[in-house]
Amino acid sequence: MPEPTKKDNGQPEENSVPADAPTENSVEMTRTAATKDTEAIVTITEPEPVVSEATVPIPTEVPRAQQIVIEVTEIETMVGEVIEPQLTVTEPVENGQKESQPLVANNPVEVSGVKEKTSTPQLDKDDDVTASTQSPPPPADDSDPKSTRGRKDSVWSLGDGQAPEDMDKQVDSPPLSTLLIERPQGGSITVGGDISFIAKVEAKDLLRKPTVKWFKGKWMDLASKTGKHLQLKESFDRFTKVHTFEMHIIKAKENYAGNYRCEVNYKDKFDSCSFDLEVKEIPESQNIDIRSAFKRSSEGQEDAGELDFSGLLKHREVKLDETPEVDVWEILKNARPDQYEKIAFEYGITDLRGLLKRLKKTKKEEKKSEAFAKRLEPAYQADKGGKIRLVVDLADPTVELKWYKNGQEIRPTPNNRKYIFEQKGTQRIMVINNCQMNDDAAYSVAAGDEKCTTELFVKEIPVNILKELEPVKTTVNERIELECEVSEEGAKVKWMKNGVEVPTGVRSRYRVKSEGTKHWLIIDDASKDDTGTYSLMATGGTSQAHIQVDLKPLKILHDLQDITVLLGQPLNLNCEIYPGNVPGRWYRNGQLIQPNERINILHKAKYHSLGVEGSSIHDDGDYTFVPEGYSQTLSAKVHIIDPPRVHLEALNVQDNTVTIVAGNKLRLEIPISGEPTPRVVWMKGERVILDTGNRVRAETFADNTCLTIDITEREDTGNYKIVLQNEAGEDTASIKVKVVDIPDPPEAPLVPDVGGDWCTMTWDPPRYDGGSPILGYFIERKKKQSSRWMRLNFDLCKETTFEPKKMIEGVPYEVRIFAVNAIGVSKPSEPSKPFIPLAVTSEPTMLVVDDVTDNTVTMKWRPPDTIGAAGLDGYTIEYCIEGTDEWILANKELTEKLRYTITGLPVEAKIQVRVKAINAAGASTPRTTQHSILVKEVIEPPKIRIPRHLKQTHVKKVGEVVNLVVPFVGKPRPKVNWLKEGDPIDQTINIRNSDCDSIMFIRKAERKHSGKYELTVQVEKHVDTATLDIQIVDLPGPPQAVKIEEVWGNNVALDWSPPKDNGNAAITGYTIQKADKKTMEWYTCVEHYHRTCITITDLVVGNEYFFRIYSENMVGSSESATATKNSALIVKEGLQLKNPEYNNRDFTEAPSFTQNLINTFAIAGYNATLNCSVRANPRPKVLWMKNKIPIIDDPRYRMFSNQGVCTLEIRKPSPFDGGMYTCKAANDLGEAQVDCKLEVKGGFTFYHLMKRGVPLHLIDKYMKESKTSETMKKGSE
């Protein structure tokens, strides 16, 4: 956006909105006059996003074929105050958001000598009276909010304040508090420059980061406008506890100027700060050809056809148009339509269509006016300084007439010769004298209620250059004058140097002078920096010339000399030059030397000297004396020497001893001094340390020497010597390095004692303590089969013994030791030998006396309650005779039994008995009898305890084993005797007797072993007896005398006798079988028959039968059967057998379902089956269908048919598989079908169905059905 032009009094002129000719793809603007304000309605036929070059870079997207209304409100002009017009764009609502954004209109238009350009209603000296008289008030609808008055920031682009309708709204904000410790300050930059604003917030009392927002104006939040021109940054300093927030404006544009605000929020705290930004731009003169408004922006390109209005406002180069001005409008008005194209081509107008549209509007006949017989012309043009007459013809001369300029009434005054009002009959004439640029405005005249308007365009006459600048060549300190003559007196010109405007302020070296048409640029005291190309810019051309400023020659009478100075001694440099009044500057190594307490600079006539008291190393270097204004220089070298010295005090270590932990990197940087830089040698003993070493190396720099040991080792301990040498002397120093390390690992620990969950361990200290005393030890243990070590102590163990506890009994363990000194922990020792924590068992339980004889005692007990991981090896039994304290071991070897007999005891002695459980951990606590035991046998009468199953007859089969155990009691040991029915038992029967029972054992029972057995038990005179009945059974023999008693009809009567041998068991029944004489195949007629006679019925007439009978007992059937000797023939006289005749039955039938399909629910992912049964002959063809579509070659379905049962198996169904299934059976006689509904629960998502390849229309149908079914279920619930 161009910078406003300046008036003669220095006030900026106001930019007015130009009225452009309506063309295709262009902006149509209609300007109407108002009493106080001006309103324009702009219609965009094919809108494109409107983004000004000077706006914040956020594109505004305008939808195609929508109308945008721009309201231009021009504020009333006040004396000494400039108000810019404000445009507000109201876009259609999109996505529920409505935002008011400014629109940049920056394209003036010139057609047929009528010029529209940037201008501002301005009051000159002749308008004072007009401005002092109050004009009629404007309509209420066009009033401008007071809050917009006096604003200097432009509202022509994005982000330049609130919309007019929002200016009066108050902004609610939290109460202010002090959060900002540094507030952003306002600033001023030029167009294209960068600027930063900084705000700081102290975070000591804040729990979290505060919220900071940057605004432009009152409403524009800049957080959404960041881009290449605007950046927001934030940082936090952890040491000072300060949040820093920065706003950077990059390559600022003119419309970035305005008021900004920074707001800080934290919970209920609030703080804000406002600041201003001023963007300056150097004004440039412009020559604008209004005809270019009707030239396309780019011929033959994509955007060809858009009017290049922006080019008119953004011209920076002055172009001379030698073509004489012509009134294109008048030529077109008087020309025929077929000549329009030729005229447009001749005058370079490419937008012929837009030009014709505007011409068409100008040719329209205006509506007959009641007040005006002849209206004002649409536009007038006048040269600057010229005169213009505005003539209107009234229909009624008596009507009161009022003239307006930009909506402000122009009133005649006696002293005002600017505006002259004349009357000639019905004509009313307003003459404007001495037209200036502020007269370029919209004028209107009101006659009663009617009004007509026009526009006046003031054309500025270009200022041409009559006399060009001449080049100048001179030397420094001379006066330079550049002279140029222009065509107009008092014309404004601009002086430039190398393309940059020459500053002409009060403090500037440049002076500007003008007399009439001549202009001078004067430089009183020229310097070499004034060399360059100078130019004068006028509206009609530019003139330039080159100025060359050279230095004067210099004579050197006495040059500077190179010197060498001892450190601390004074330094003096002298030279002598001609001329003597020339000042100069002293430089050391290219840096300017300033005089101070130590440095003295003296200039006396042609003598120049530099004196330095107490020279230092920094004074060494190249010295140069530069005479001011001359090209020659004087140089000398100063060399400062100093004896070498080693500064060990910088190490700050006691006794010059450096201690370091082995394995770390040692880097000793020792400052050294000496000039020139001394030669440094490091030595350890007689060995020289080189700078090329790998692990140990010495390096020397300008101000220090360094000894580096990358990985220190124990061997690096010792004294290191430093030797310094240079031409001024020699110095030596010595440093002691002590390398400390972790101690060596201790030896493997010993485990002398082991308990149930503990052990005792000891060890020796390590051989090498690492150069630091041992502080203690860490102990670790692990299970032998594990690889994970567990630390047992977290506090150092000061002793060399330790007792680990809480171990698991029976698990092998290992322990190891770590030694600790001030440096660290040593490597672990070797593990100890594996050991197993073991515990003795608890004492045996239930110790009682089992038997006592005259010299023995038998004890019995139960195992201990707790045995432990060590197990139980056995028991030891001890006894103590009453009256003594000696316990005698009864068993020399461990016994594993829970019963033991102590022998060799004295008769009638009293003893105490105790039992110990023994395992690998040792003997348990003994279990001792509560009372003394008398060693004397007690008589107990015998008693036989017959088991319950032996109180009945004991039955066994022949060949089976007989093993009978009969317990008894009695003391002393009873005598046992067996008898069978009063006789001694057979030798095949084995008898085994013990102290408590007697066993009868028959390996293979025979029938002779059957009988009654008598058992006799005797203790001295006491006897007890018992009887056992044993029955040995076998298979019975066959029946006897089987015969046929009678045959009648189809019946036969049989009779027989019981078998001779019943197998020593009762006969339980008989089995009768028959056989046809023809086949002799036996068939069972009756089983388990109890009687000895029977009648066999239902025999076949004409057959001849034999019969046989088996006998049965508890063992089984007899091995053989007794058959009838004779056969029985079944005959019946007088009857003839006739075979009946049968008709063949027709088994064919049409399909019919005997079992229908039923509605089924299936679970997604689990196989489902549908079953039905069909009956048909011949065999039908079965077809399965889903939703009336046949299922053919689908791998997800399997179909079976077996004996009329039809099955459809659906493999892992999904909800998509649900639907109506049909089974159809058909043959030649007909067809039948049954239906059922299958519903699959546990549906799939849209993603799963897509992954399975289900078509989209089916997925959509399924998702709708799923939603419907879920809705119905919820409704039913």
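Calculation criteria
Residues numbered from 1 in each chain as written. Predicted model: local features only at pLDDT ≥ 70, side-chain atom pairs only at ≥ 80, totals over all residues. Heavy atoms only, no water. Helix = DSSP H or I, 4+ residues; strand = E, 2+ residues; numbered from the N terminus. Buried < 20%, exposed > 50% of the residue type's maximum accessible area, 1.4 Å probe, protein only. Contact = heavy atoms within 4.5 Å. Areas by Shrake-Rupley, 256 points an atom, 1.4 Å probe, with all protein chains shown as cover. Core = buried A, V, L, I, M, F, W, Y, C linked by side-chain atoms within 4.5 Å. Pairing = 2+ DSSP bridges. Axes fitted to C-alpha atoms, helices over the stretch in contact; angles between N-to-C directions. Salt bridge = Lys/Arg side-chain N within 4 Å of Asp/Glu carboxyl O. Polar contact = N/O pair within 3.5 Å; in protein donor to acceptor, adjacent residues only side chain to side chain. Phe/Tyr/Trp six-rings, centres within 6.5 Å; stacked < 30°, edge-to-face > 60°. Lys NZ or Arg CZ within 6 Å of the ring centre and 35° of its normal. pLDDT = per-residue confidence, 0-100.

## Thoughts on the overall build of the chain
Scanning the chain from N- to C-terminus turns up seven helices and 92 strands. Within the chain, buried positions represent 40% of all 1277 residues. Sequence-distant contacts in the chain: of pairs separated by 6 or more residues, those separated by 24 or more amount to 64%. When the accessible surface of the chain is summed, it comes to about 73,000 Å², and 48% of that surface belongs to carbon and sulfur atoms.

## Section: the nonpolar core
The biggest cluster of nonpolar side chains holds 27 residues, and the ones touching the most others in it are Phe197, Trp214, Met247, Ile249, Tyr260 and Leu277. For this core, the elements supplying multiple residues, two or more each, are strand S10 (195–202), strand S11 (211–216), strand S14 (242–249), strand S15 (258–266) and strand S16 (269–280). Beyond its immediate chain neighbours, meaning those up to four positions away, Phe197 contacts Pro184, Gln185, Gly186, Gly187, Trp214, Phe245, Glu246, Met247, Ile249, Phe275 and Leu277. In this structure, Val658, Ile670, Ile672 and Ala733 belong to the second largest nonpolar core, which totals 24 residues.

## Some words on the sheet that holds strand S44 (residues 657–661)
Here we have five strands laid out as an open sheet, ordered S44-S51-S50-S46-S47, and mixed in their pairing. The outermost strands of the open sheet, each flanked by one partner alone, are S44 and strand S47 (687–689). Strand-to-strand twist of the sheet, defined as the mean angle between neighbouring strand axes without regard to direction, takes the value 30°. Where strand S46 (residues 679–684) meets strand S50 (residues 718–726), six bridges bridge the pair, whose relative direction is antiparallel. Note on S50: the bridge partner recorded for Met683 is Lys721.

## Regarding the pattern of salt bridges
Per the counting criterion, the structure on display carries 48 salt bridges. Residue Glu409 is joined to Arg411 by a salt bridge in which the shortest nitrogen-to-oxygen separation is 3.1 Å. The class of Arg411 is partly exposed, set by a relative accessible area of 25%. Across the pair Asp741 and Arg714 runs a salt bridge whose closest N-O atoms are separated by 3.6 Å. Here Asp741, found in the loop between strand S51 (729–740) and strand S52 (750–754), pairs with Arg714, found in the loop between strand S49 (704–709) and S50; they are 27 residues apart in sequence, far enough to count as distant. The network of salt bridges with common partners includes Arg479, Glu481, Arg511 and Asp524.

## Some words on unusual backbone geometry
Put simply, Lys971 and Pro972 share a cis peptide bond, and its omega is -15°. Structurally, Pro972 can be placed in the loop between strand S69 (962–971) and strand S70 (975–980). Note that the residue after Asn1177, namely Pro1178, is joined by a cis bond; omega there is 5°. By secondary structure assignment, the location of Pro1178 is in the loop between strand S86 (1168–1177) and strand S87 (1181–1186). Of note in the backbone geometry, Asn656 takes a positive phi value of approximately 55° without being a glycine. Along the chain, Asn656 turns up in the loop between strand S43 (634–646) and S44.

## Observations concerning the pairing of strand S23 (residues 427–432)
Taken across its six residues, S23 has five buried, putting it largely inside the fold. With six bridges connecting them, strand S22 (residues 419–424) and S23 associate as antiparallel partners. Bridging from a neighbouring strand, Tyr419 pairs with Ile432 of S23. Where S22 hands over to S23, the hairpin turn is made up of two residues, of which Gly425 adopts a positive phi near 65°.

## Side note on the pairing of strand S81 (residues 1104–1112)
Counting buried positions along S81 gives seven out of nine residues, so the element sits mostly inside the fold. In this structure, strand S78 (residues 1069–1076) lies alongside S81, joined through eight bridges in antiparallel fashion. Across the sheet, Gly1069 pairs through a bridge with Glu1112, a residue of S81. Two elements, S81 and strand S83 (residues 1128–1129), share two bridges in a ladder whose sense is antiparallel. Bridging from a neighbouring strand, Tyr1105 pairs with Ala1128 of S83. Sheet topology note: the S81/strand S82 (residues 1122–1123) ladder contains two bridges and is antiparallel. Note on S82: the bridge partner recorded for Arg1108 is Ala1123.

## Regarding the side chain of Gln1073
Relative to the assigned elements, Gln1073 resides in strand S78. Assessed through its relative accessible area of 12%, Gln1073 is described here as buried. In terms of polar contacts, Gln1073 uses its side chain to reach the side chain of Thr1084, at 3.3 Å. A distance of 2.8 Å separates a polar atom in the side chain of Gln1073 from a polar atom in the side chain of Arg1108. With residues up to four places along the chain from it excluded, the contact list for Gln1073 reads Trp1082, Tyr1083, Thr1084, Cys1085, Phe1106, Phe1107, Arg1108 and Tyr1110.

## Things to note about the packing of aromatic side chains
On inspection of all chains with the given rule, the structure shows 12 aromatic pairs. Ring centres 5.5 Å apart and planes at 70° place the aromatic pair Trp763 and Tyr777 in the edge-to-face group. Remark: Tyr777 occurs in strand S54 (residues 774–783) and Trp763 occurs in the loop between strand S53 (759–762) and S54; sequence separation between them is 14 residues. Pair check on accessibility: Trp763 and Tyr777 agree, each one buried. The ring of Tyr404 carries Lys451 above its face, with NZ or CZ at 5.7 Å from the centroid.

## A closer look at the side chain of Thr705
Residue position: Thr705 is located in strand S49. Within polar-contact distance, the side chain of Thr705 engages the side chain of Trp682 at 2.8 Å. Every residue in contact with Thr705, bar those within four places of it in the chain, is listed here: Leu668, Glu669, Ile670, Ile672, Val680, Trp682, Glu699 and Thr700.

## With respect to the environment of Thr1169
Looking at the element boundaries, Thr1169 is found in strand S86. On the accessibility criterion, Thr1169 (40% relative accessible area) is partly exposed. Considering only alpha carbons, one finds Thr1169 and Arg1198, 29 residues apart in sequence, at a separation of 9.3 Å. Beyond its immediate stretch of four places on either side in the chain, Thr1169 contacts Thr1207, Leu1208 and Glu1209.

## Points about the sheet that holds strand S73 (residues 997–1002)
Spatial ordering of the open sheet is given by S67-S69-S73-S72, a layout of four strands whose pairing is antiparallel. Where the open sheet ends on each side, the last strands, each with one partner, are strand S67 (940–944) and strand S72 (990–993). Taken over all neighbouring pairs, the strand axes of this sheet differ in orientation by 20° on average, direction set aside. Summarising the sheet, S67 and S69 pair through three bridges and their orientation is antiparallel.

## Here we look at the confidence of the model for the chain
With 79% of its residues at a pLDDT of 70 or more, the chain shows a mean pLDDT of 79. Across residues 1–176, confidence stays below pLDDT 50; counting only partners more than four residues off in sequence or on other chains, it has 412 contacts. Counted against residues more than four places away or in other chains, residues 285–323, with its pLDDT under 50, gives 95 contacts.

## Side note on the environment of Ile465
Structurally, Ile465 is set in strand S26 (residues 465–467). Spatially, the C-alpha atoms of Ile465 and Thr517 are 9.5 Å apart, while their sequence positions differ by 52 residues. With sequence-adjacent residues up to four places away left out, Ile465 is seen in contact with Cys484, Glu485, Val486, Leu536, Ala538, Gly541, Thr542 and Ser543.

## Considerations on the environment of Val955
Note on placement: Val955 falls in strand S68 (residues 954–957). A relative accessible area of 32% means that Val955 is categorised as partly exposed. Each C-alpha atom, one on Val955 and one on Ala1065, is 9.9 Å from the other, the two residues being 110 residues apart in sequence. In contact with Val955, not counting residues within four places along its chain, are Gln1031, Val1033 and Met1114.

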